[in-house]
Structure formats: C-alpha cells, structure tokens
Amino acid sequence: TAVMSPWLDRYGGPLREDQIRAIAAFVMNWKPTALGKVELVALEVPKTNLSDPKAVSRGKEIFLSHCAQCHLIANVSQPEKKGPELTHIGTVALSRKPDLPAEDYLRESFLIPNAFVVEGFEADKIGHHCGGLLSSKQLDEVVAFLLAQR
C-alpha cells in the first residue's frame, strides 16, 4: 500500500498550517473562480517600512531563529554549518546583481537560493532550508535586518 507523505511541517512536511488552509480554500473555491462565476478582488497588502527600527529588530530575532544556524554575521551569529557570510550584506547586495535593487536581491536569495550562487558554494548544496519558511511580513523584516548590515 502507498502512504501519502505528510504535508504539515510539524509532521515532517514542507507546509505550515496556514499554507495548507490556503491550498484547501483555493481547491474548494476553484470551480466558481475558473468558470467566471466569482470575481476575485486583489487585496492590498501592507508594506513593511524596511528602515523602521522595529522591523529591523524583529528581523534580527527571525534571523537568529531561522538563519543563524548557517549564516555568519559578525557579532550576531556563529553558525555550525557554513552558508555565505552576511556580515556586510546590506552593502554587498547592492553589487551582486547590478540590475536588481538590494532588497529584491535579498528576497530572491531567500526564496530562490540558487538564483545567485556565491563564489565558493555549490548550487545544489545551498538553500535547502531557506525558501518558504517565513510569511511575507517575516521575510520583509529579515530583509530589513539584512539591509542594515553594512
């Protein structure tokens, strides 16, 4: 017999409970939307002020609980595993992809870790624990914290 893999993160799956609820809601409402019986209205998502000291502080807390195991920031984290160093990433991010703003580069690096592979790291060896772990707001706060690392 086949056993379905777990979906929920606390059982070893890749998704948080809110993500599972969102998928279920999408599936349950797919037919009326697909047939044009329901008009979807875009919701305005509040923007995080990336220079807000409170956002930077919350971003540091999130970084310490989710990212510091792999990434070094001088005087902030001493990781067991070594991912790319982020001590001056607020400055470095400006030049990694010149056509991309620093905040977008950082978001991309989190969500698609292999989009830019730092010299000395292999594409297939990095990023296994990055993308999809945080909410949009948490990601914004981590980006705010990382932008402050100059």
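None of these values were measured; they are calculated from a predicted model.

Peer 1: Describe the overall build of the chain, listing the residues and the values that go with them.
Peer 2: Counting secondary structure elements, the chain contains 6 helices and 0 strands. The order of helices and strands in the chain, counted from the N terminus, is α-α-α-α-α-α. Across its three principal directions, the C-alpha atoms of the chain cover 50 × 45 × 30 Å. The burial tally for the chain puts 30% of its 150 residues in the buried class. If you take every contact in the chain between residues at least 6 apart in sequence, the share linking residues at least 24 apart comes to 45%.

Peer 1: Describe the nonpolar core, and please don't skip the residues or the numbers.
Peer 2: Ranked by size, the top nonpolar core spans 23 residues in total, and within it Phe63, Ile89, Leu106 and Leu146 carry the most contacts. Sort the elements by how many residues they give to this core and helix H6 (residues 136-147) lands first, with 7 residues. Other than its neighbours up to four places away in sequence, leucine 146 contacts Phe63, Ile73, Leu86, Ile89, Gly90 and Leu106.

Peer 1: Talk me through the packing of aromatic side chains; I want residue IDs and the actual numbers.
Peer 2: Applying the stated criterion to the full structure yields 2 aromatic pairs. Where tyrosine 105 meets phenylalanine 116, the ring centres are 5.8 Å apart and the plane angle is 80°; that geometry is what we call edge-to-face. With tyrosine 105 in helix H5 (residues 102-111) and phenylalanine 116 in the loop between H5 and H6, the pair connects residues that are 11 residues apart, well separated along the chain. Taking the relative accessible area as the measure of exposure, tyrosine 105 reaches 3% and is therefore buried.

Peer 1: Quick rundown of the environment of proline 79? Include the residues and the values.
Peer 2: Following the sequence through the fold, proline 79 ends up in the loop between helix H3 (53-66) and helix H4 (89-96). When the C-alpha atoms of proline 79 and glutamine 69 are compared, they prove to be 4.5 Å apart, with 10 residues separating the residues in sequence. Aside from chain neighbours lying at most four places away, what touches proline 79 is Ala68, Gln69, Cys70, His71 and Leu72.

Peer 1: Explain H6 to me, using residue names and the numbers behind them.
Peer 2: With 12 residues, H6 extends 16 Å between its outermost C-alpha atoms, agreeing within 8% with the 16 Å of an ideal straight helix rising 1.5 Å per residue. The buried fraction of H6 amounts to 9 of the 12 residues, a majority that puts the element mostly inside the structure. Those residues of H6 not exposed but buried are Leu139, Asp140, Glu141, Val142, Val143, Ala144, Phe145, Leu146 and Leu147. Those residues of H6 that are buried are in contact with H3, H4 and H5.

Peer 1: Give a detailed account of the packing of H5 against H6, specifying residues and quantitative values.
Peer 2: Contact pair H5 / H6: the axes reach a minimum separation of 10 Å and the direction vectors enclose 125°. Classified by the angle their axes make, H5 and H6 are oblique. Both H5 and H6 take part in a crossing whose hand is right-handed. Note on element contacts: H6 touches H5 through Leu139, Asp140, Val143, Leu146 and Leu147, opposite Ala102, Glu103, Leu106, Arg107, Phe110 and Leu111.

Peer 1: Account for the packing of H3 against H6, with residues named and values stated.
Peer 2: The axes of two packed helices give the description: the angle between them and the distance between them. At their nearest, the axes of H3 and H6 sit 7 Å apart, and the two run at 100° to each other. Of the possible angle classes, the one that applies to H3 and H6 is roughly perpendicular. Along its contact with H3, which presents Ala55, Val56, Arg58, Gly59, Lys60, Ile62 and Phe63, the element H6 presents Lys137, Gln138, Glu141, Val142, Ala144, Phe145 and Leu146. Grouping the amino acids of the contact of H3 with H6 by side-chain chemistry returns 8 nonpolar, 2 polar and 4 charged.

So, how was this worked out
Residues numbered from 1 in each chain as written. Predicted model: local features only at pLDDT ≥ 70, side-chain atom pairs only at ≥ 80, totals over all residues. Heavy atoms only, no water. Helix = DSSP H or I, 4+ residues; strand = E, 2+ residues; numbered from the N terminus. Buried < 20%, exposed > 50% of the residue type's maximum accessible area, 1.4 Å probe, protein only. Contact = heavy atoms within 4.5 Å. Core = buried A, V, L, I, M, F, W, Y, C linked by side-chain atoms within 4.5 Å. Phe/Tyr/Trp six-rings, centres within 6.5 Å; stacked < 30°, edge-to-face > 60°. Expected span 1.5 Å × (residues − 1). Axes fitted to C-alpha atoms, helices over the stretch in contact; angles between N-to-C directions. Parallel < 35°, antiparallel > 145°, perpendicular 65-115°, else oblique. Left-handed = near helix turned anticlockwise from the far one by under 90°. Nonpolar A, V, L, I, M, F, W, Y, C, P; charged D, E, K, R; others polar.

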